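# Descriptive analysis of the structure
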Amino acid sequence: MTLIPIPVRGRTVAADWVDEQLLAGPDGEPCLRFGAPVSRGTLRALVAERQRQLAAAGLGELGTVALRMAPSAEFVAVLLAAWRAGARAVLLDHRLTEVEVDRAVDRLHARLLVELVDGRPRFRQLPTAVSEGGEAMGLAAGDHALVQLSSGSTGPSKVIGRTAGDLLRELDCYARLPEFPARGERTVLLSSTVHVLGLVGGLLHALHAGVELVVPQRMTPAGILNAIADGAAPTTVIGVPFHAELLAAVAAPPVLPQLRRMVVAGELVRPGLPDAFRERYGVPLGTMYGMTETGVIATDLTGRHHPALQPVHGMELSLEAGELHITRTRSPYLGLTDPTRWSAGLLHTRDAALLDPATGRVTVLGRRDSQISIGGLKVDLNEVEQTLTGLPGVVEAVVVFADGAIEAYAATADGTSLPPSEQGGTCLPPSEQGGTSLPPSEQGGAAERLRELLGRELAGYKLPLRLHLIPQLPRTATGKLLRDVVALRRQVDSAR
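Criteria and cut-off values
- Residues numbered from 1 in each chain as written.
- Predicted model: local features only at pLDDT ≥ 70, side-chain atom pairs only at ≥ 80, totals over all residues.
- Heavy atoms only, no water.
- Pairing = 2+ DSSP bridges.
- Helix = DSSP H or I, 4+ residues; strand = E, 2+ residues; numbered from the N terminus.
- Axes fitted to C-alpha atoms, helices over the stretch in contact; angles between N-to-C directions.
- Contact = heavy atoms within 4.5 Å.
- Buried < 20%, exposed > 50% of the residue type's maximum accessible area, 1.4 Å probe, protein only.
- Phe/Tyr/Trp six-rings, centres within 6.5 Å; stacked < 30°, edge-to-face > 60°.
- Salt bridge = Lys/Arg side-chain N within 4 Å of Asp/Glu carboxyl O.

With that out of the way, let us pick up the sheet that holds strand β23 (residues 394–402). A sheet is described by the order of its strands in space; here three strands give the open sequence β23-β24-β25, paired in mixed fashion. Sheet topology places β23 and β25 (466–469) at the edges, where each strand pairs with a single neighbour. Taking the axes of each pair of neighbouring strands and ignoring which way they run, one obtains an average angle of 20° across the sheet. Sheet topology places strand β24 (residues 405–412) next to β25; four bridges connect them, and they run parallel. Bridge pairing in β25 links Glu 407 to Arg 466. Along the sheet face, helix α12 (residues 445–457) touches β23 and β25 and points at about 130° away from the line of β25.

In this section: unusual backbone geometry. Across the junction of His 306 and Pro 307, the peptide omega takes the value 10°, indicating a cis bond. Note that Pro 307 resides in the loop between β14 (295–300) and β15 (308–311). For Ala 344, which is not glycine, the phi torsion reads 50° and is therefore positive. Note on placement: Ala 344 falls in the loop between β18 (342–343) and β19 (346–355). What makes Ala 344 exposed here is its relative accessible area of 77%. A positive phi angle, close to 65°, is found at Arg 350, a residue other than glycine. Among the structural elements, Arg 350 can be located in strand β19.

Let us now look at the packing of aromatic side chains. As enumerated under the stated definition, the model contains three aromatic pairs in all. Each ring, one from Trp 17 and one from Trp 83, has its centre 5.3 Å from the other, and the planes form 35°; the classification is tilted. With Trp 17 in helix α1 (residues 11–23) and Trp 83 in helix α3 (residues 73–84), this pair connects stretches of sequence that are 66 residues apart. Here Tyr 174 and Phe 180 contribute two aromatic rings whose centre-to-centre distance is 4.6 Å and whose plane-to-plane angle is 25°, an arrangement assigned as stacked. Tyr 174 sits in the buried class, given a relative accessible area of 2%.

So, about the sheet that holds strand β7 (residues 146–149). On the basis of which strands lie adjacent, the open sheet formed by six strands has the order β6-β5-β3-β4-β7-β8 and mixed pairing. If you trace the sheet from one side to the other, it starts and ends with β6 (120–125) and β8 (159–162), each paired once. The sheet shows a mean angle of 25° between the axes of neighbouring strands, taken without regard to direction. Helix α6 (residues 164–175) contacts β7 and β8 of the sheet and is inclined by roughly 80° relative to β8. Where helix α7 (residues 196–209) meets the sheet, its contacts fall on β4 (88–92), β7 and β8, and the angle it forms with β7 comes to roughly 140°.

Moving on, we come to the pattern of salt bridges. As enumerated under the stated definition, the model contains 29 salt bridges in all. Note that Arg 176 and Asp 172 form a salt bridge whose closest N and O atoms lie 2.9 Å from each other. Residue Arg 176 is classed as partly exposed on the basis of its relative accessible area, which comes to 26%. Given a relative accessible area of 9%, Asp 172 falls into the buried group. Across the pair Glu 385 and Arg 483 runs a salt bridge, and its minimum N-O distance is 2.8 Å. Residue Glu 385 is located in helix α11 (residues 381–389), and its partner Arg 483 is located in the loop between β25 and α13 (485–495); the two are separated by 98 residues in the primary sequence. Each of Arg 68, Glu 98, Glu 115, Arg 122 and Arg 124 takes part in salt bridges that share partners, so that together they form one network.

Right, here's the structure in full:
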């Protein structure tokens, strides 16, 4: 176990933490593989060169640079170079449109935008005047090393700032986990390096711990399996549940003696997936829970306690009216802080959870705002969603409340898409529809079978009024299921 010193604010110390905690190691040690391997010596030289280019482009200490770069050695080099210079980095998903990028850099008051053009970084200077909005956002004088936007799976993205100390505290948490990749091992990373799991749990931990980080060239089952097989060292795969679903669906995967485990985070794992993954590959499907605001919170890397998770070192959790709170003395949000998200030294996760007083383990139940009222009766949409996802043949589902009714969207293992006559049919039993029976066009087929099975497990008032089967559900750029009703309905229309 390696204990990591936490830096204080200042340019010299900022350079030290990058050099000592992320770039240190033998010159010839392999550290990155984005198609071609990159050694530590090569990465150090690349970081130094990109730091000179950032300085020439006008980036100084406490300046702000936005990175819109695909996962690559160049992305890593520019990010570390910015931190080495004492600047802060704003991470933007490379798949954003130009309009979204312009809106983000204006909102976050970046001085410089770095993009990849033909595999090389392009440095574009932006207006340098810091507006009143920039002062209010906290970017002008703050000590944040990293600025991220939340995934936006349940609403508008939040602006979140983290200091170098925040990042090193999280790396220390990973260093204390005996099942997490260690020196000489490999991580095959499927999660985005723009977001917290891929960035800290994947990239930064790999650099700190001496783990080779491998990003597959193609995020297909074959591409992922080839990346695992292309190395003999013990290998951990890190992704979101969607990636585990892809791998668990492979009928006859190759023998992979180097595969140690897969770890997923980002959303609840459907019932049956851990067992299906273990049956297919003979290794556990571990789970983690975390937030962009604080990084990793709790883990079950062995799969022995699923769905319960053990809080990581130093994480203080509490419950208030069933909502999980995390002790945090400083708000992670830039700009005015919403007291429903952080107040009085507590970060409000907005997740419902259970805490075991005997073991300290936490079981995350889902979004707290998923509880709705139907005719005065309380319904937890998470319960409906998990029950639907656990039915035979269903690989993913989203349940939302819209226009005064529960709506369910599901994708099946065979990609079944129903004709329009079977989409959007009522799921309530006739007794709760005033005696109206279902029209013949909606009786039978995959939707009707699911309705029948769901009705056996849930009370009638919990059942969706509308049930849609579509080949696949829309997702955010990081692979999280999108819960926006407009996007879901658009996906239904496009499947017809």
